There are 2 protein chains.
Amino acid sequence: MKPIPFISGIARIFAIGALLALGVSAHAQTDPLPSWNDGPAKQAVVEFVQATTTQGSPKFVPPAEHIATFDQDGTLWVSHPMYSQVMYCLDRVPAVVKAKPELKNVEPFKTVMSGNREAMAKLSMKDLEKILAATLTGISVDEFNTEVKKWLAAAKDPRWKRPYTELTYLPMQEVLKYLRASGYKTFIVTGGGQDFVRVYAEQVYGIPPEQVVGTAGGTKYGYGKDGKPFLTKEPRLLLNDDNAGKPEGIHLMIGRRPYAAFGNSTGDRQMLEYTKAGDGARLAMLVLHDDAKREYAYGPALGLPDTKVGAFPQALYDQAKKQGWTVISMKNDWKRIFAFEQ
Amino acid sequence: MKPIPFISGIARIFAIGALLALGVSAHAQTDPLPSWNDGPAKQAVVEFVQATTTQGSPKFVPPAEHIATFDQDGTLWVSHPMYSQVMYCLDRVPAVVKAKPELKNVEPFKTVMSGNREAMAKLSMKDLEKILAATLTGISVDEFNTEVKKWLAAAKDPRWKRPYTELTYLPMQEVLKYLRASGYKTFIVTGGGQDFVRVYAEQVYGIPPEQVVGTAGGTKYGYGKDGKPFLTKEPRLLLNDDNAGKPEGIHLMIGRRPYAAFGNSTGDRQMLEYTKAGDGARLAMLVLHDDAKREYAYGPALGLPDTKVGAFPQALYDQAKKQGWTVISMKNDWKRIFAFEQ
């Protein structure tokens, strides 16, 4: 083997250095939000991240304070025309009735058992609450997790014919990853059931159970026949994590004010207010469902009829403008909506 | 400059490799628990960490599941003869009475205002609850944080004449750091007030607020005169994080079963049971206060009179033996107790 001069060794080290530098620079210049169209919404996210994570920036935030909270239904995934957790509860009714046959002829279980979709669509909020309590409680935490996993693996959204867990918004998944890559800890703060969302949040959003805050009931510690301890889910509400319950839940479960918060409906109003009322740079964003073709368009802010789910009234739109929140137009700001679409 | 053969470049790369390998090996050989004497307690910690974090080990645990929970009072810091949070509440009474003069002649506030330590020591649990409710609630979350910080900066333990935050056990601080360096997420699960402990947990233990689970009350969202939203602490108990409340609190706030749990009294029994009842390698440890000289010795397991704080009855000792929990003897297992001691 021919001897190669020392300078060559140096050159190699430089070459490696240059490659590394190129890699870093290429990385820094890679668009972290490729599914977003250029515009004020994308710009708001990028400017916020740069301002709060760049050392020496006047708006720099100490890394320990990098907290970002996301509503789930309608903000991270499709919630129209019905929350998927409600679908789960309706699908669970036959198993509950089998275990407690006395419910068979009692409303609202009778209507659900009839399978009459039209009648089911007319169930009141109070009826739904009865169904939720019956299907989400009275079983152990482990049984509940097993049931939800089974359901998620089998259930499909009627429009896209895909598992619900595939109906997450790609642009929001990019925001989650971008924030985490920039040192933010991402939390879900959902009006949905905390235990329900925790079953899949890690796999679907990369968010571990301990970073999922949601509507939560109490559990009861007890012992099985084998002497092993277990927890039973009780119909005792501890946190109604919607509206004012969102900042209250954030205090209970996180203990500090977020620097960024994302929502899509009146249920997120207080979370966004609370976030934005903090000192320094704070980001508050609202997803507006204005894309009837690729997803859905609903809410009076569009002059369209309001619905039960994800209401976005004019008052919310006005408050967003007044308080400097950024409204994300699905139609204009999102290049792609789902990962499965090309 | 003389040309150096290619082989030298290779040698350099090897040399760097060897240095790196040495570095890693040197790191692995550094004792992560220098304040512990060799013995079964230290060994239990090290073996647990190695078994659950070494890829290929039959007891390897996926990194996302690396959860460890620690009681605080008597486990991470001194809680004898009185919880420091109770000291805080007693010290707050004059300010509360000043704001509400009608309390001046009402028990138990009258006794506290008298300054008669002997009479104060005789206050009942019910009296203490009244004092806790009056001093911990009815103010905003921000005011509360400010008051606790002020108190912590000024208050001193009567025996060591040092701030309470210096009275943490060095061997346990080493366990916290060792677990985190091994990829564990460390949580405090305390019977004490969640909001109280969160004020200093990050600075004192390196544990952020969102990883502190404790006895928690509700808050109420509202608006100040300036229109800014804020949260007020309410006397509405959401979680009594003691005894069975500990596994219930772990489910509520963390959402998965710990692999390791540390406690020191009957209040930790269910947390340790619940941890140990999980599959695979699980570590359950109890700190036994048997060092009258360097700290305190108390609890009937030592044939000593029980006290209100941190009871360690014989039944707990028996259960520990039966269920494979490790009892840590402060006297025998800890070389040093406090960082300020040489």
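Model, not experiment: these values are computed from the prediction.

Draft legend 1. Quick look at the overall build of chain A. The helix and strand tally for chain A stands at 13 helices and seven strands. Summarising its shape, the C-alpha atoms of chain A cover approximately 90 × 55 × 40 Å along the three principal directions. By residue count, 52% of the 342 residues in chain A fall in the buried class. Taking the intrachain contacts of chain A between residues at least 6 apart in sequence as the baseline, contacts between residues at least 24 apart amount to 65%. Positive and negative charge centroids in chain A, built from 42 and 36 side chains respectively, lie 4 Å apart.

Draft legend 2. How the structure looks around the sheet that holds strand 7 (residues 326-329) of chain A. All names here are of chain A. The seven strands are arranged 4-3-2-1-5-6-7 in an open sheet whose pairing can be described as mixed. Strands at the two margins of the open sheet, each flanked by one partner only, are strand 4 (229-239) and strand 7. Averaged over all pairs of adjacent strands, the angle between their axes in this sheet comes to 35 degrees, without regard to strand direction. Taken together, the four bridges between strand 6 (residues 283-288) and strand 7 define a ladder with parallel strand orientation. Paired with leucine 286 across the bridge in strand 7 is valine 327. Each of strand 5 (260-263), strand 6 and strand 7 touches helix 2 (residues 40-53); the most contacted strand, strand 6, lies at about 150 degrees to it.

Draft legend 3. How the structure looks around the packing of aromatic side chains. Residue and element names in this part refer to chain A. Counted according to the given criterion, the structure contains 36 aromatic pairs over all chains. With centroids separated by 5.4 Å and ring planes inclined at 10 degrees, the aromatic side chains of tryptophan 151 and tyrosine 164 adopt a geometry described as stacked. Here tryptophan 151, found in helix 7 (residues 141-154), pairs with tyrosine 164, found in the loop between helix 7 and helix 8 (170-181); they are 13 residues apart in sequence, far enough to count as distant. By relative accessible area, which is 11% here, tryptophan 151 ends up buried. Relative to tyrosine 223, the ring of tyrosine 221 has its centre 5.4 Å away and its plane inclined at 80 degrees; by these criteria the two rings are edge-to-face.

Draft legend 4. Looking closely at the pattern of salt bridges. Residue and element names in this part refer to chain B. All told, the structure shown has 30 salt bridges over all chains when counted by the stated rule. Of the charged contacts, one joins aspartate 38 and lysine 42 as a salt bridge, the two residues approaching to 3.5 Å between their closest N and O atoms. Using a relative accessible area of 70% as the deciding quantity, one classes aspartate 38 as exposed. Here arginine 256 ties to glutamate 65 by a salt bridge, and the two come within 3.5 Å at their closest N and O atoms. Of this pair, arginine 256 sits in the loop between helix 10 (245-253) and strand 5 (260-263) while glutamate 65 is found in the loop between helix 2 (40-53) and strand 1 (67-70), placing the two residues 191 residues apart along the sequence.

Draft legend 5. Broad picture of the pairing of strand 6 of chain A. Residues and elements named next belong to chain A. With six of its six residues buried, strand 6 lies for the most part within the structure. Going residue by residue along strand 6, you find Leu283, Met285 and Val287 tucked away on one face and Ala284, Leu286 and Leu288 tucked away on the opposite face as well. As paired strands, strand 5 and strand 6 are joined by four bridges and run parallel to one another. Within the sheet, the bridge partner assigned to phenylalanine 262 lies in strand 6 and is methionine 285. The parallel pair strand 5 and strand 6 is bridged by helix 11 (residues 269-276), and the resulting crossover is right-handed.

Draft legend 6. Region of the structure containing the relation of the copies chain A and chain B. Each copy superposes on the other: chain A lies on chain B with an RMSD of 0.0 Å after a rotation of 180 degrees and an axial shift of 0.0 Å. One copy is carried onto the other by what is essentially a two-fold rotation axis. Of the residues that chain A buries at the interface, 100% are likewise interface residues in chain B, meaning the two copies contact each other through the same surface.

Draft legend 7. Geometry of helix 12 (residues 314-323) of chain B. All names here are of chain B. The complete set of buried residues in helix 12 reads Leu316, Gln319 and Ala320. End-on view of helix 12: buried residues confined to an arc of 105 degrees, all on one side of the axis. Opposite the buried face of helix 12, by more than 90 degrees, sit the exposed residues Ala315, Lys321 and Lys322. Close packing links the buried residues of helix 12 with helix 11 (269-276), strand 6 (283-288) and strand 7 (326-329). A positive backbone phi angle near 75 degrees is found at glycine 324, which sits one or two residues after helix 12.

Draft legend 8. The arrangement of the interface of chain A and chain B in detail. Listed by partner, the interface residues are 44 residues for chain A and 45 residues for chain B. Summing both sides of the interface, chain A and chain B together bury roughly 3,800 Å²; the carbon and sulfur share of this comes to 56%. Across the contact surface, chain A and chain B share six salt bridges. The shortest N-O distance in the salt bridge between glutamate 202 of chain B and arginine 256 of chain A comes to 3.1 Å. For the side of chain A that touches chain B, the secondary structure elements donating two or more residues are helix 1 (6-29), helix 7, strand 2 (185-193), helix 9 (194-205), strand 3 (212-223), strand 4, helix 10 (245-253) and helix 11 of chain A.

Draft legend 9. Spatial organisation of the nonpolar core. Core analysis: the largest hydrophobic core is formed by 70 residues, its most contacted members being Phe48, Phe70, Met172, Leu179, Tyr205, Phe262 and Trp334 of chain B. At eight residues, helix 3 (residues 84-99) of chain B tops the list of elements feeding residues into this core. Other than its neighbours up to four places away in sequence, phenylalanine 48 of chain B contacts Leu179, Tyr184, Tyr259, Ala260, Ala281, Arg282 and Leu283 of chain B. Residues Leu136, Ile139, Val197 and Ala281 of chain A belong to the second largest nonpolar core, which totals 69 residues.

Conventions used here
Numbering of residues begins from 1 in every chain and follows the order in which that chain's sequence is written. Lettering of chains starts at A and numbering of ligands starts at 1, both following the order in which they are written. With the structure being a predicted model, the display of local features is reserved for residues of pLDDT at least 70 and the display and counting of side-chain atom pairs for 80 or more, all residues being used for whole-chain, interface and lining totals. Side-chain descriptors were evaluated using all non-hydrogen atoms of the structure, hydrogens and water having been removed beforehand. For helices the rule is a DSSP run of H or I covering at least 4 residues; for strands it is a run of E covering at least 2, with both sets numbered from the N terminus onward. For every residue, the accessible area (1.4 Å probe, protein chains only) is compared with the maximum for its type, and the residue is labelled buried under 20%, exposed over 50%, or partly exposed between those bounds. Pairs of residues are marked as contacts when any of their non-hydrogen atoms sit within 4.5 Å. The convention is simple: Lys and Arg are positive, Asp and Glu are negative, and His and the chain ends are not counted. Charge coordinates come from a single atom per side chain, which is NZ of Lys, CZ of Arg, CG of Asp or CD of Glu. Strand pairing requires that DSSP identify at least two bridges connecting the strands. With axes taken as lines fitted to C-alpha atoms, and helix axes fitted only over the stretch in contact, angles between N-to-C directions fall between 0 and 180 degrees. Any Phe, Tyr or Trp ring, taking Trp's six-membered ring, that has another such ring centre within 6.5 Å forms a pair; planes under 30 degrees apart are called stacked, those over 60 apart edge-to-face, and the others tilted. Here, a salt bridge means any Lys or Arg side-chain nitrogen found within 4 Å of an Asp or Glu carboxyl oxygen. If the strands point away from the viewer and the path from the first strand over the helix to the second runs clockwise, then the crossover is right-handed. Least squares is used to superpose the copies, and the fit set is the C-alpha atoms of residues whose pLDDT is at least 70 in both copies. What the arc measures is the spread of directions leading from the helix axis to the C-beta atoms. Buried surface area refers to the total accessible area, computed with a probe of radius 1.4 Å, that the two partners give up upon joining, counted for both partners together. Nonpolar core, defined: a set of buried Ala, Val, Leu, Ile, Met, Phe, Trp, Tyr and Cys residues in which side-chain atoms within 4.5 Å join the residues together.

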